[in-house]
Amino acid sequence: MNPLKTQTKELDKYWINFSKMYPKAYNKKTTSPYSKCRVILLNGLEFESNWFMHQFSRNCNNADLKREVAVIRKQEQQQQKRISCLKPINENILETTISYEQLAIDLTATLAQNDTDKNNIEALNFALLEDFDHLYRFSNLLLLDKGEEAKPLVGGLTEIMPARPTIAHHRCPKDEIKKPMVAKKSSLYSKLVANIITAAEQQTMNFYMNIAQWYKNDLGRKLYAEIGMVEEQHVSQYESLKDPNCTWLEQLVLHEYTECYLYYSAYVEEDNKYLKNIWLEHYEMECAHLKKSIELLQKYEKGDYRNIIGDGEFPTLLKLGTNKEYIRRVIERTITLTANRESYIDIMKLKENADFFNYQKLVIDDENLVPSHVVIEKTIEKLGQDYRYQDKPNPIKELASRKKDDIHLARKK
C-alpha cells in the first residue's frame, strides 16, 4: 500500500463535526486487548503529532507556513478527541493502565523483531524488560486495590511476572541519550520504529504524569509517580534515536507518513467493525495531510520527500501479537544490563563511581520504601504471595519466588 496513491479530498473537506467527534465507546468486556492497545497507540500518535506541530510553529517565523500547519494540526486535534473518547467511562484507571503496559510490551517486542537497526533493537530490548516489570507492579496494585486479576485484561496474550526490577530502572539522565540514526542512510522501517515508539512511550509518560494526582490512595499515587519517572527516561532514550538534522518540514513529512502507516496497519488488523471504520477514515485524512506536508516541503525548502520516505510504499505493516517466548529470551540474555551513556553494560562490569550508583544513592533514601517494591510486599502480606500470570516459572532464579521481591538484581554488584 502506498498512501501517496490513495485518493483524497481537499483538506477543508475533512473537518469533523461535534456529533461525529464524540464516538461510541468500546465495550470493555467484549473488546479485544489489542483493539484497546490500538486505541491507546493511535491516541498517542495524535498527541505526538499535535505537540510536534506546536513546537514547529514556535520555531517558525513564516506566518503563511504556520497557517498551513495550523490547519493540519486542528484536524489532528479532532482525530485525537475522537480516539480518546473511545475509552468507556466505566473503565477504571488501573484497567486502562494494564492496557498501556500491554501495548508498551507487545509493541516494543514486535518492532524489535522486525527492525534491522542494531541501535534501535538494543534500545527496544532494554526498555522492554522495564515495561514488562511495570505491568507486573500495576497488576499487583490492581488486585490489591480492586480485587481484580489482570490476566483477563491482557487476554492471556502477555505474561505477567517480574523482570528487571523497577527499583533498578532509576538512572542518571545522562545515560539515557543514545546515538542517533542518519535518516538518509537508515531504512524506512527503522525511521518508523523510532517515530512510533517515541510517540507510544510519550503517551504513557504523559498519562502517568497526569494520573498520579487522581489516584485514590497514597500507594497508587506514589507508584504512578515512580514509574512515570522511568517513562521519562524511556522517552529520552527513544527520541534520541531520531535524526536531529532533519529539517522541521522533513520531520513533518515523516510524522504524517507514520500516521498513515499506523492507521492503515490498524485498519488491516482490526476485528471491531466500528473501530475499523474509524481507522480507515483517519487513514484517508492522514494521506491528505501527508500530501500537503510534501507540498510544503517542496514549496518552502525545495526538498525531496523521497529522501525521507522513498517512493512511499509501506514496509511490513505493524501487527500486534503475543511475544511470550521472545520476551523470555530477552529476559535471559539482558536482565542484568543497565544504561551507560550511549551503550548498555552488565551491572557487574560497571565502575564503582559510575553515575548510575551515585544517582541511585541520591534518589533512593530507603529501598524498603520505594513504591514499586512496597506494592509487591503488601500484596504478599495480604495474599501470601504476589500476583502473576505465567505459562511456566520465571527464567531468572532470583525472580522465581512469589513470596519475596528482589530489589538487588541489576542494581547492586
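If you're wondering where the values come from, they're calculated on a predicted model, not measured in any experiment.

About the criteria used
- Residues numbered from 1 in each chain as written.
- Predicted model: local features only at pLDDT ≥ 70, side-chain atom pairs only at ≥ 80, totals over all residues.
- Heavy atoms only, no water.
- Core = buried A, V, L, I, M, F, W, Y, C linked by side-chain atoms within 4.5 Å.
- Buried < 20%, exposed > 50% of the residue type's maximum accessible area, 1.4 Å probe, protein only.
- Helix = DSSP H or I, 4+ residues; strand = E, 2+ residues; numbered from the N terminus.
- Contact = heavy atoms within 4.5 Å.
- Expected span 1.5 Å × (residues − 1).
- Polar contact = N/O pair within 3.5 Å; in protein donor to acceptor, adjacent residues only side chain to side chain.
- Pairing = 2+ DSSP bridges.
- Disulfide = S-S within 2.5 Å.
- Salt bridge = Lys/Arg side-chain N within 4 Å of Asp/Glu carboxyl O.

Enquirer: Help me out: how do you make sense of the nonpolar core in this one?
Expert: Nonpolar side chains in soluble globular proteins tend to end up buried together. Leu107, Leu111, Trp279, Ile309 and Ile331 are the most contacted members of the largest nonpolar core, which has 114 residues in total. Top contributing element to this core by residue count: helix α5 (residues 118-146), with 14 residues. Not counting residues within four places of it along the chain, the set of residues in contact with Ile331 comprises Leu129, Phe132, Met161, Ala163, Pro395 and Ile396. With six residues, the next largest nonpolar core counts Ile345, Ile347, Phe356 and Phe357 among its residues.

Enquirer: Got a minute to help me understand helix α3 (residues 63-84) in this structure?
Expert: Turn by turn, an α-helix covers 3.6 residues, leaving residues three or four places apart pointing in a common direction. Over its 22 residues, α3 extends 31 Å from the first C-alpha to the last, a length consistent with the 32 Å expected when each residue adds 1.5 Å. Looking at α3, one finds that the buried residues are Leu65, Val69, Ile72, Arg73, Gln75, Glu76, Gln78, Gln79, Gln80, Arg82 and Ile83. Close packing links the buried residues of α3 with α1 (18-21), α2 (33-58), α9 (248-269) and α10 (273-301).

Enquirer: Got a minute to help me understand the side chain of His170 in this structure?
Expert: With respect to the helices, strands and loops of the structure, His170 is situated in the loop between α6 (151-154) and α7 (188-211). For His170, a relative accessible area of 9% translates into the label buried. Within the structure, His170 has its side chain in polar contact with the side chain of Glu226 (distance 2.8 Å). Setting aside its immediate chain neighbours within four residues, His170 contacts Glu226, Val230, Gln233, Phe356, Tyr359, Gln360, Val363 and Ile364.

Enquirer: Looking at this structure, how should I read the pairing of strand β2 (residues 343-346)?
Expert: Every regular strand shows the same layout, with side chains that alternate between the two sheet faces. Where strand β1 (residues 337-340) meets β2, four bridges bridge the pair, whose relative direction is antiparallel. The residue bridging Asn340 from the neighbouring strand is Ser343, located in β2. Adjacent in sequence and paired antiparallel, β1 and β2 are bridged by two residues, among which Arg341 carries a positive phi angle near 50°.

Enquirer: For this particular structure, what's the right way to read the state of the cysteines?
Expert: Cysteine pairs can be covalently joined through their sulfur atoms, and such a bond is termed a disulfide. Taken as a whole and assessed by the stated rule, the structure comprises zero disulfides. Free cysteine Cys85: the closest other cysteine sulfur is in Cys37, separated by 19 Å. Given a relative accessible area of 30%, Cys85 falls into the partly exposed group.

Enquirer: Mind showing me how you'd approach the pattern of salt bridges here?
Expert: A pair can form between side chains of opposite charge whenever their charged atoms are brought close. What the rule picks out here adds up to 23 salt bridges. Between Arg164 and Glu130 there is a salt bridge, with its nearest N and O atoms 3.3 Å apart. Of this pair, Arg164 sits in the loop between α6 and α7 while Glu130 sits in helix α5; the two residues are 34 residues apart in sequence, bridging distant segments of the chain. For Arg164, a relative accessible area of 1% gives the class buried. For Glu130, a relative accessible area of 0% gives the class buried.

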